[in-house]
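A closer look at the structure
Chain by chain, the residues:
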Amino acid sequence: MDTAPVMETGSRWVQIPDRRGDFPSLLRTHNGFPLAYLDGPAGTQVPQSVIDAVTRYYSTCNANTHGLFPTAEESDRMLEAARAAVARFLGAPGPQCIAFGANMTTLAFGLARAFARLLQPGDEVVITQLDHEANRGPWLSLAGSGIVVREVALRPDATLDEEDFARAVGPRTRLVALGMASNAFGTVNNIARARDLARRAGALLLVDAVHYAPHFPIDVRAADVDLLLCSAYKFYGPHVGILYAREGLLDTLEPDRLRVQDQRGPWRIETGTLNHAAIAGVAAAVDYIGTFGTGTDARARLVTAMEAIGAHEHRLAVRLYEGLCGLDRVAVHGPTFDVPRRAPTVSFTVRGMTAADVSARLGRKGICTWDGNFYAIRPMEVLGLQAQGGVTRAGVSLYNSDEEIARLLGELGDIVRGRT
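This text gives an overview of the structure that appears in the document.

Basis of the calculations
- Residues numbered from 1 in each chain as written.
- Predicted model: local features only at pLDDT ≥ 70, side-chain atom pairs only at ≥ 80, totals over all residues.
- Heavy atoms only, no water.
- Helix = DSSP H or I, 4+ residues; strand = E, 2+ residues; numbered from the N terminus.
- Rg over C-alpha atoms; globule rule 2.2 N^0.38 Å.
- Buried < 20%, exposed > 50% of the residue type's maximum accessible area, 1.4 Å probe, protein only.
- Contact = heavy atoms within 4.5 Å.
- Salt bridge = Lys/Arg side-chain N within 4 Å of Asp/Glu carboxyl O.
- Pairing = 2+ DSSP bridges.
- Axes fitted to C-alpha atoms, helices over the stretch in contact; angles between N-to-C directions.
- Parallel < 35°, antiparallel > 145°, perpendicular 65-115°, else oblique.
- Left-handed = near helix turned anticlockwise from the far one by under 90°.
- Nonpolar A, V, L, I, M, F, W, Y, C, P; charged D, E, K, R; others polar.
- Core = buried A, V, L, I, M, F, W, Y, C linked by side-chain atoms within 4.5 Å.
- Polar contact = N/O pair within 3.5 Å; in protein donor to acceptor, adjacent residues only side chain to side chain.

Focus on the overall build of the protein
In terms of helices and strands, the protein carries 12 helices and 17 strands. By the compact-globule yardstick of 22 Å for 420 residues, the protein fits well, its C-alpha radius of gyration being 22 Å. Principal axes of the C-alpha set define a box for the protein whose edges measure 65 × 55 × 45 Å. Within the protein, the fraction of its 420 residues that count as buried is 55%. For the protein, the share of sequence-separated contacts (at least 6 apart) that also reach a separation of at least 24 residues comes to 66%.

In structure tokens:
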């Protein structure tokens, strides 16, 4: 990874160090080619420090919680420390706002069932055509209870129609649910606008930050969101779902839970025994991200780290986007990089080939990309891409390099020119 300057803070340039050696999986080869992991939007690689944290938990204190013996007490402390680490990462007031689950989808369904007990027939929920199905399906399921689900329209450039958004939110709206960034097209949504619309209607605002959290700093208090969902495996951690809930909000909902469960938030939405070892890895992932930052406290280090990581990723993504736009037969889908903020995720199609064919050919050369709809099936349908097999998607993560972007563009150039 280049160590060229990637952002400026005041009068001082901040560099992202070459930390590829932190990721054991980057040593893998395929067909004699080093693997280039441009598949990060579906889950990043994991640094050794996270692997060590998971191993250390299993090796030293693998026990359930609330026991009166050392390993159980250590598990209690680890879980509380992990909640505190995630709270710092999200800018939340403290660990009391952070719940864990199997994944974001499971947590979203749990919230939807809780809202089903709260809402009345005729109440409205607003979703969008851009979102991942995990932030659509749970809310669409409420229609069977008489809840009206309204859908904000998508424009051809994979951005939301702001005028239609304003029309969709009205006096019966009780919840607005949308993504902070699109996992399919890299679109970053206007959360401040969504918040204003929700507040005017007296509605709650839920955001899916799964694709946003790996690339940008988050401050849930500044954003003034009520609920935020994300997934640690998208930011260098294990497969764990994360829920931020405004303090006291979960206590007003009735999620599925056993009577023996702690009835207070955040525990009231956590069903059964959590994946303790994976959660230990979540805390380690947050700590790892912080090592890229500067500042006098942990939160400041996380914010500056995400700014530096995001600038590095943006630079590489711009190079990828511009290179793809210069290739014959290649169409790039989604917003340009001239917008104020865009995730480093680039989706494209090649005329005369399916997305699966393109990804398979790149894969044989050790270049990892995804094909299909990535569970963002609704925007693919709206934009007419689903019927042709979706798109090929490449995403940039902190460990990706200029050389890997050049490899992808070179191989794709050979493919469209019929040389491979």
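Some remarks on the pattern of salt bridges
Counted according to the given criterion, the structure contains 25 salt bridges. Here Asp256 makes a salt bridge to Arg113, at a shortest N to O gap of 2.6 Å. Here Asp256, found in the loop between strand S12 (241–245) and helix H8 (276–290), pairs with Arg113, found in helix H3 (residues 104–118); they are 143 residues apart in sequence, far enough to count as distant. We note a salt bridge from Asp224 to Arg246, for which the minimum N-O separation is 2.8 Å. With a gap of 22 residues between them, Asp224 in the loop between helix H7 (220–223) and strand S11 (227–231) and Arg246 in the loop between S12 and H8 connect regions that are remote in the sequence. When its relative accessible area of 25% is taken as the criterion, Asp224 is described as partly exposed. A residue is classified by how much of its surface remains accessible, and Arg246, at 30% relative accessible area, is partly exposed.

Remarks on the sheet that holds strand S16 (residues 370–372)
Pairing is antiparallel in the open sheet, where 4 strands are placed in the order S13-S14-S17-S16. Looking along the sheet, the strands with just one partner apiece sit at the ends: strand S13 (330–333) and S16. Adjacent strand axes in the sheet meet at a mean angle of 30 degrees, parallel and antiparallel pairs treated alike. Taken together, the 4 bridges between strand S14 (residues 345–350) and strand S17 (residues 391–395) define a ladder with antiparallel strand orientation. Following the sheet pairing, Ser347 is matched in S17 by Arg393. Contacts from helix H10 (residues 355–364) reach S14, S16 and S17, with the element oriented near 165 degrees to S16. Across the sheet, helix H12 (residues 402–416) lies against S13, S14 and S17, angled at about 10 degrees from S14, the strand it touches most.

Description of the sheet that holds strand S9 (residues 173–179)
Overall, mixed pairing links the 7 strands, which are arranged S6-S12-S11-S10-S9-S7-S8 in an open sheet. Two strands bound the open sheet, and with one partner strand each, they are strand S6 (98–101) and strand S8 (148–152). Each strand axis lies, on average, 20 degrees off the axis of its neighbour in the sheet, ignoring direction. Of the strand pairs in this sheet, S9 and strand S10 (residues 204–208) are connected by 5 bridges, and their pairing is parallel.

Looking at the packing of helix H2 (residues 70–90) against H8
Direction vectors running N to C along H2 and H8 enclose 40 degrees, while the axes themselves pass 9 Å from each other. Between H2 and H8, the angle falls in the class oblique. The interaxial crossing formed by H2 with H8 has left-handed handedness. Of the residues in H8, those in contact with Ser75, Met78, Leu79, Ala82, Ala85, Val86, Arg88 and Phe89 of H2 are His276, Ile279, Ala280, Val282, Ala283, Val286, Asp287 and Ile289. Residues of the contact of H2 with H8, tallied by class, amount to 12 nonpolar, 2 polar and 2 charged.

Things to note about the packing of H10 against H12
Orientation of H10 relative to H12, taken along the N-to-C sense of each, is 120 degrees, at an axis distance of 10 Å. Between H10 and H12, the angle is such that the two are oblique. Here H10 runs over H12; the crossing is right-handed. The segment H10 lies against H12, with Val358, Arg361 and Leu362 engaging Leu408, Glu411, Leu412 and Ile415. Taken together, the residues of the contact of H10 with H12 sort by class into 5 nonpolar, no polar and 2 charged.

What about the nonpolar core?
Within the largest apolar cluster, 81 residues are counted, with the highest numbers of intra-cluster contacts made by Leu90, Phe165, Leu228, Phe235 and Ile242. Of the residues forming this core, the biggest block, 9 residues, is contributed by H8. Dropping the residues within four chain positions of it, Phe235 is found in contact with Thr44, Phe89, Ala213, Pro214, Cys230, Ile242, Ala285, Val286 and Ile289. Residues Ala134, Val210, Leu243 and Leu249 belong to the second largest nonpolar core, which totals 27 residues.

Considering the side chain of Asp164
Among the structural elements, Asp164 can be located in helix H5 (residues 162–168). Residue Asp164 is classed as buried on the basis of its relative accessible area, which comes to 17%. Within the structure, Asp164 has its side chain in polar contact with the backbone nitrogen of Ala153 (distance 2.8 Å). When residues no more than four places from it in sequence are discounted, the contact partners of Asp164 are Glu151, Val152 and Ala153.

Overview of unusual backbone geometry
Omega for the peptide link from Gly265 to Pro266 comes to 5 degrees, which places this bond in the cis form. Following the sequence through the fold, Pro266 ends up in the loop between S12 and H8. The backbone of Ala158 shows a phi angle near 65 degrees, a positive value even though the residue is not glycine. With respect to the helices, strands and loops of the structure, Ala158 is situated in the loop between S8 and H5.

Purely geometric numbers; function is a separate question.
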